[in-house]
Amino acid sequence: MNRTTLAIVSFFAGVLLLPLVVYLYLAFGRPPVATADAPLPMEAEIVQIPLEARIHREMPSNSPPPASDENLNAGAGIYEDKCEVCHGTQDQPSAIGKTIFPRAPQLWVKQISGAVGVSDDPVGVTYWKVSNGIRLSGMPAFGKALTEKQMWQVSLLLSMADKPLPAEASKIVGR
Ligand code: HEC
């Protein structure tokens, strides 16, 4: 075999070997499939990078409705009805939220970043997540279950998680 043929043969052997190695790992390498398993190396980054790029492109640029008592109280009612089961309240973390993978972040407590829930995210980012959901996670898409106004109201509420809320909302989310 001359050098060129050897290079070509090795190249194709390499190309064929890679899917074989991947297959063997999937079949016999016990990759994480259970909710309780540890994440794959770089799993969080692989999901986060395209998600953030997409949200950045698509988040609504129009300004949200005002953070009036009426909107925040309505947001709290929606939160209690649709979100609390996974995302908890200030006094009561969600039991279910801990058992899904990835875990549902508790939106009324301080995160590793130091911010309470998603209060450090622009409201439009939260709106996008509520409307479209997050693929391969327990986060549902509410775009058909809630109206645009309701999605803004609950997103506004979450953006104020570190601030004093009107009495009614505060009673519902426990702060
Ligand atoms: C069935 C459980 C479930 C329900 C119900 C649910 N979520 Fe989620 N949510 C999740 C999970 C799981 C994640 C984490 C996804 C991830 O890490 O990729 C999440 C993520 C989020 C995030 C992003 C958090 C962050 O740190 O970026 C927001 C915002 C959010 N949910 C808001 C809501 C709102 C508002 C509702 C109700 C209208 C709701 N969720 C209902 C499971 C749920």
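Every value quoted in this text rests on a predicted model; they were computed, and no experiment measured them.

*Asks:* Would you mind showing me how to read the overall build of the protein chain here?
*Replies:* Along the backbone of the protein chain there are seven helices and zero strands. Counting from the amino terminus, helix and strand elements in the protein chain follow one another as α-α-α-α-α-α-α. Here the C-alpha radius of gyration of the protein chain, 22 Å, is well above what a compact globule of 175 residues would show, namely 16 Å. A principal-axis box enclosing the C-alpha atoms of the protein chain has dimensions of 80 × 35 × 30 Å. Taking all 175 residues of the protein chain together, 30% fall into the buried category. For the protein chain, restricting intrachain contacts to residue pairs at least 6 apart in sequence, the fraction spanning at least 24 positions comes to 56%. Working note: accessible area of the protein chain is about 11600 Å², and carbon and sulfur atoms make up 62% of it.

*Asks:* Explain the pattern of salt bridges here, please?
*Replies:* Opposite charge on two side chains allows them to pair when their charged atoms are near. Tallied over the full model, the rule gives four salt bridges. In this structure, the salt-bridge partner of Arg 54 is Glu 58, at a minimum N-O distance of 2.7 Å. Of this pair, Arg 54 and Glu 58 are both found in helix α2 (residues 43–58), four residues apart, which corresponds to roughly one turn of the helix. Since its relative accessible area comes to 39%, Glu 58 is described here as partly exposed.

*Asks:* What's the story with the packing of aromatic side chains in this structure? I'm lost.
*Replies:* Each aromatic ring pair is described using two quantities: the centre-to-centre distance and the angle formed by the ring planes. Considering all chains together, one arrives at three aromatic pairs under this definition. Relative to Phe 12, the ring of Phe 11 has its centre 5.3 Å away and its plane inclined at 80°; by these criteria the two rings are edge-to-face. Ring centres of Tyr 127 and Trp 152 lie 4.3 Å apart, and the angle between their planes is 25°; this geometry places the pair in the stacked category. One end of the pair, Tyr 127, is in helix α5 (residues 123–132); the other, Trp 152, is in helix α6 (residues 148–159), with 25 residues separating them in the sequence.

*Asks:* Explain the site of the ligand here, please?
*Replies:* By nearness alone, 23 residues border the ligand, and Cys 83, Cys 86, His 87, Lys 129 and Met 139 come closest of all. Interatomic distance of 2.8 Å between a side-chain N/O atom of His 87 and a nitrogen atom of the ligand. Between the ligand and Lys 129, the relevant distance is 2.7 Å, taken from an oxygen atom to a side-chain nitrogen or oxygen of the residue. Every element with two or more residues in the shell around the ligand is listed here: α4 (84–87), α5 and α6. Looking at the shell around the ligand residue by residue, the classes come out as 16 nonpolar, four polar and three charged.

*Asks:* Can you help me understand the side chain of Thr 89 in this one?
*Replies:* Along the polypeptide, Thr 89 turns up in the loop between α4 and α5. In this structure Thr 89 comes out as buried when scored by relative accessible area, which is 11%.

*Asks:* Explanation requested: the coordination of the iron atom of the ligand in the structure shown.
*Replies:* Think of it this way: four donors in a tetrahedron around the metal ideally sit 109.5 degrees apart, and six in an octahedron ideally sit 90 or 180 degrees apart. The protein atoms that coordinate the iron atom of the ligand are His 87 (NE2) and Met 139 (SD), at distances of 2.0 to 2.2 Å. Coordination at the iron atom of the ligand comes from six donor atoms whose angles at the metal span 87 to 178°, giving a geometry best classed as octahedral. Placement of His 87 in helix α4 and of Met 139 in the loop between α5 and α6 is noted, with a sequence separation of 52 residues between them. Note on Met 139: relative accessible area 22%, which makes it partly exposed.

*Asks:* I would appreciate a short explanation of the packing of α2 against α5 in the present structure.
*Replies:* The axes of two packed helices give the description: the angle between them and the distance between them. Put simply, α2 and α5 touch, their axes get as near as 10 Å, and they point 110° apart. Judged on the interaxial angle alone, α5 and α2 are roughly perpendicular. In this structure, α2 uses Leu 51, Arg 54, Ile 55 and Glu 58 to contact α5, whose residues at the interface are Val 125, Trp 128 and Lys 129. A per-class count over the contact of α2 with α5 returns four nonpolar, no polar and three charged.

*Asks:* Is there a simple way to think about the domain arrangement of the protein chain in this case?
*Replies:* Interface size, as often reported, equals the accessible area lost upon joining of the parts. Under the domain assignment used here, the protein chain contains domain 1 (1–31) and domain 2 (43–173). Look at where the C-alpha atoms of domain 1 and domain 2 centre, and you get two points 45 Å apart.

Here is what the cut-offs are and how they apply
- Each chain has its residues counted from 1, following the order in which its sequence is written.
- Confidence filtering applies because this is a predicted model: local features only for residues at pLDDT of at least 70, side-chain atom pairs given and counted only at 80 or more, and all residues used for totals across whole chains, interfaces and linings.
- Side-chain calculation: all heavy atoms of the structure are included, whereas hydrogens and water are not.
- Counting from the N terminus, the helices are the DSSP runs of H or I reaching at least four residues and the strands are the DSSP runs of E reaching at least two.
- C-alpha atoms define the radius of gyration in this analysis, and the globule rule sets the expected value at 2.2 Å times the number of residues to the power 0.38.
- The buried label applies to any residue whose accessible area, calculated with a 1.4 Å probe on protein chains only, is under 20% of its type's maximum; exposed applies above 50%, and partly exposed to all values in between.
- Whether two residues are in contact is decided by their heavy atoms, any of which lying within 4.5 Å being enough.
- Areas reported here follow the Shrake-Rupley algorithm with a probe of radius 1.4 Å; residue values treat only the protein chains shown as occluding.
- Within this document, salt bridges are pairs made up of a side-chain nitrogen of Lys or Arg and a carboxyl oxygen of Asp or Glu, the two lying within 4 Å of each other.
- Here is the rule: rings of Phe, Tyr and Trp (six-membered ring for Trp) pair when centre to centre is within 6.5 Å. Planes less than 30 degrees apart are stacked, more than 60 are edge-to-face, and the remainder are tilted.
- Note on terminology: near, applied to a residue and a molecule or strand, indicates that one of the residue's heavy atoms is within 4 Å of it.
- We call two N or O atoms a polar contact when they sit within 3.5 Å, provided that within protein one can donate a hydrogen and the other can accept it, with sequence-adjacent residues counted only if both atoms are side-chain atoms.
- In the scheme used here, Gly and all other residues not listed as nonpolar or charged are polar, with Ala, Val, Leu, Ile, Met, Phe, Trp, Tyr, Cys and Pro taken as nonpolar and Asp, Glu, Lys and Arg as charged.
- Only nitrogen, oxygen and sulfur atoms qualify as donors, and only when within 2.8 Å of the metal (3.2 Å in the case of Na, K and Ca); with water excluded, sites may look incomplete.
- In short, tetrahedral needs four donors with all angles between 85 and 135 degrees, square planar needs four and octahedral six donors with opposite donors over 155 degrees apart and all other angles between 65 and 115, and whatever is left is irregular.
- Angular values range over 0 to 180 degrees, each being the angle between N-to-C directions of two axes fitted as lines to C-alpha atoms, with helices fitted over their stretch in contact.
- Orientation is classified from the angle alone, with under 35 degrees giving roughly parallel, over 145 giving roughly antiparallel, 65 to 115 giving roughly perpendicular, and any other angle giving oblique.
- Boundaries of every domain are those given by an automatic assignment or by a domain database.

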